[in-house]
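# A structural walkthrough
Residue-level listing of the chains:
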Amino acid sequence: MAHSPFANRQSVAVLGGGPGGYEAALAAAQLGADVTLVERVGVGGSAVLTDVVPSKSLIATADAAVAISEASDLGVQFYAKGERGKPLKPEIAINLAAVNKRLMALAGQQSEDMRTALLDAGVKILSGHGRLDGHNAIVVSTAVGGTDFDRVEADTIVVAVGAAPRELDSAKPDGKRILTWTQLYDMKALPEHLIVVGSGVTGAEFASAYMNLGAKVTLISSRDQVLPGEDQDAAAVLERVFKRGGMQVLSKSRADKVEKSEDGVVVTLSDGRTVEGSHCLLAVGSIPNTRGIGLEEAGVELTESGHIRVNKVARTAVSNIYAAGDCTNFFPLASVASMQGRTAVFHALGDIVIPLEQRRITANIFTAPEIATVGYSEKDVQDGVIEGIVHKLPLAANPRAKMMGIRDGFVKLIARRGSGTIIGGVIVAPKASELIYPIAVAVERRLTADQVSRVFAAYPSLSGSITDATRAMHQVATS
């Protein structure tokens, strides 16, 4: 284990072992601190055990199903021998029980790998319910309110307790018919008709996945379009794909209540209409796990929604208490939680720190196609937040996209007018999460459209659309 002159064998206690807590503990150990991690459900937290890892594994299975079903468009045909040599075209079948068993096993393995990495780094792991006891200690009990407990004193505390699915009084999850996204993985068979309440990122991702797995899906959106707050062009592409795939999208519709029926569920909308289905997924946001863990008593400031107020180095109102992840008022992404965790420890132990800037965060929505974004948006330009120009290039013009049979998607770049500096971008495409990286580098390093255009892209490649877009911006961005 590396020892740093910054640490001077300081003690660090981390409450919560999700992405933020894990990275904080690992970074502190690498800097030579004495580190204790307190985790209730397992290393990796809900992100690994019931959220990001299993949901993206499910989406990968759905992507495979789509690739098989669309292979015939590329001239690939599947046949099984029938009677007297007659060919029979097989149907694609999804064994959801096997899928869920596999993805939960993957989640468990990822959690165990993370636990091993922490132990190898010298981190002490305590399993139990933790709460702050003042500003320099965490009390850990084996059960909430239990009398048997450990007390961990520390120079620095990092709170990374995450968030849980928001529940509605008029739509109580039962884990069987009315579900939160953490309860989906107990299903043994594909839902006959899944009603998804909420068209934000979580709702859109699961609606996309289950549609592509073969379920009938109805998506209830209280807004004009799916993915409110995201790039409008990207949302329009996704909604078009949804409808083409047979999904019913109910826009400007608010769910008032969800009830179990004799053999399914009934969702009552605010205008009195009802929607009947076999199952209902509630995707109506999340609530930070900050209640009853001693934060306010320790002097930590919370927002009205219960999120922990932090600054750009993840520090709270209490000088030696930091926070990371979905429990904070920053940006609810696993990658951001990880970066907050490292930043918090670097700042606390006196290492070099780069304050977090929301405009440099890369985000991805794992629908089919994926939607990746970074930096300023087109709406920021339209609203006068930043003076810039926008160029959009349809992916269908890309030769590799033609070869792969890709019909939907685009590359959109935003550059500062005059200098041509890349300040934002949107990609809608298969594996947009991978394609956005060069744009993220351009935003981070303040590269101009001309500089990016001079980078060689392989031909043919989907990333070639990025250089095509920057070349098209040569005259416009610098005028």
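Helix and strand counts for the chain stand at 14 helices and 25 strands. On the principal axes, the C-alpha backbone points of the chain span a range of 70 × 65 × 50 Å. Looking at the chain residue by residue over its 479 residues, the buried ones come to 50%. For the chain, restricting intrachain contacts to residue pairs at least 6 apart in sequence, the fraction spanning at least 24 positions comes to 62%. Surface summary for the chain: the accessible area is close to 23,100 Å², and the carbon and sulfur share equals 49%. Where the 48 positive side-chain charges of the chain centre and where its 51 negative ones centre are 5 Å apart.

Core analysis: the largest hydrophobic core is formed by 39 residues, its most contacted members being L58, L184, F206, Y210, V217, L227 and M247. Breaking this core down by element, the ones donating at least two residues are α3 (52-69), α4 (96-120), β12 (193-197), α5 (201-213), β13 (216-220), α6 (232-244) and β25 (422-429). It is α5 that contributes the most residues to this core, seven residues altogether. L58 has contacts with L96, V99, N100, L103, F206, A209, Y210 and L213, leaving out every residue within four places of it along the chain.

Let us now look at the sheet that holds strand β17 (residues 274-277). As summarised here, the arrangement of the three strands in space is β15-β16-β17, forming an open sheet in which the pairing is antiparallel. In this open sheet, the two edge strands, each paired with only one partner strand, are β15 (255-260) and β17. Pairwise comparison of adjacent strand axes, ignoring direction, gives a mean angle of 20° for this sheet. Direction of pairing for β15 relative to strand β16 (residues 265-269): antiparallel, over a ladder of five bridges. Looking at β16, one finds that E259 is bridged to V266.

We now examine the packing of helix α1 (residues 19-30) against α4. The contact between α1 and α4 brings their axes to 9 Å, and the two run at 25°. When the axes of α1 and α4 are compared, the pair comes out roughly parallel. Considering the relative orientation of α1 and α4, their crossing is left-handed. Side by side, α1 and α4 meet where Y22, A25 and L26 of the first sit next to M114, A117 and L118 of the second. Counted by class, the contact of α1 with α4 contains six nonpolar, no polar and no charged residues.

Turning our attention to the sheet that holds strand β1 (residues 11-15). In spatial order, the strands read β5-β2-β1-β9-β20; together these five strands make up an open sheet with parallel pairing. Looking at strand neighbours, the two that pair on one side only are β5 (124-127) and β20 (321-323), the edges of this open sheet. Neighbouring strand axes in the sheet, compared pairwise and without regard to direction, differ in orientation by 20° on average. Across five bridges, the pairing between β1 and strand β2 (residues 34-39) is parallel. Within β2, the position partnered with A13 by the bridge is T36. Helix α7 (residues 334-348) contacts β9 (156-159) and β20 of the sheet and is inclined by roughly 160° relative to β20.

A few words on the pattern of salt bridges. All chains considered together, the criterion is met by 21 salt bridges. For R151, the salt bridge is made with E153, and the minimal N-O distance between the two is 3.3 Å. Take R151: its relative accessible area is 43%, and that puts it in the partly exposed class. Between K172 and D169 there is a salt bridge, and its shortest N-O distance comes to 3.9 Å.

The next point concerns a nonpolar patch on the surface. Residues I68, L74, V76, F78 and I92 make up a contiguous nonpolar surface patch of roughly 430 Å² in combined accessible area. With respect to the element layout, L74 can be found in the loop between α3 and β3 (80-81).

Further remarks concern α3. Helix length check: α3 (18 residues) gives 26 Å between terminal C-alpha atoms against 26 Å at 1.5 Å per residue, within 8%. Within α3, burial applies to P54, S55, S57, L58, I59, A62, A65 and V66. Where α3 is buried, its residues contact α2 (45-49), α4 and α5.

Here the residue pair A368 and P369 is connected by a cis peptide bond, since its omega of 5° sits within 30 degrees of zero. Mapping P369 onto the fold places it in the loop between β21 (362-365) and β22 (370-375). At the junction of Y459 and P460, the peptide bond is cis and its omega measures out at -10° in the coordinates. With a phi close to 50°, K252 is a non-glycine residue in the positive phi region. As for its placement among the helices and strands, K252 is situated in the loop between β14 (248-250) and β15. At A314, a position not held by glycine, the phi torsion is positive, near 70°. Within the element layout of this structure, A314 appears in the loop between β19 (286-288) and β20. Overall, the relative accessible area of 0% leaves A314 in the buried class.

This part takes up α6. The terminal C-alpha atoms of α6 lie 18 Å apart, and with 13 residues this matches the ideal 18 Å at 1.5 Å per residue to within 8%. Along α6, the residues that are buried comprise A234, A235, V237, L238, E239, V241 and F242. In this fold, the buried residues of α6 make contact with α5, β13, β14, β22, β24 (410-416) and β25. In this structure D231 caps α6, since a side-chain oxygen of it lies 3.1 Å from the backbone nitrogen of D233. Residue G246 follows α6 closely and has a positive phi angle near 100°.

Rules of the game
Residues numbered from 1 in each chain as written. Predicted model: local features only at pLDDT ≥ 70, side-chain atom pairs only at ≥ 80, totals over all residues. Heavy atoms only, no water. Helix = DSSP H or I, 4+ residues; strand = E, 2+ residues; numbered from the N terminus. Buried < 20%, exposed > 50% of the residue type's maximum accessible area, 1.4 Å probe, protein only. Contact = heavy atoms within 4.5 Å. Areas by Shrake-Rupley, 256 points an atom, 1.4 Å probe, with all protein chains shown as cover. Lys, Arg positive; Asp, Glu negative; His and termini not counted. Charge placed at Lys NZ, Arg CZ, Asp CG, Glu CD. Core = buried A, V, L, I, M, F, W, Y, C linked by side-chain atoms within 4.5 Å. Pairing = 2+ DSSP bridges. Axes fitted to C-alpha atoms, helices over the stretch in contact; angles between N-to-C directions. Parallel < 35°, antiparallel > 145°, perpendicular 65-115°, else oblique. Left-handed = near helix turned anticlockwise from the far one by under 90°. Nonpolar A, V, L, I, M, F, W, Y, C, P; charged D, E, K, R; others polar. Salt bridge = Lys/Arg side-chain N within 4 Å of Asp/Glu carboxyl O. Patch = residues over 30% accessible without salt bridge, like charges linked within 9 Å, V, L, I, M, F, W, Y side chains within 5 Å. Expected span 1.5 Å × (residues − 1). Polar contact = N/O pair within 3.5 Å; in protein donor to acceptor, adjacent residues only side chain to side chain.

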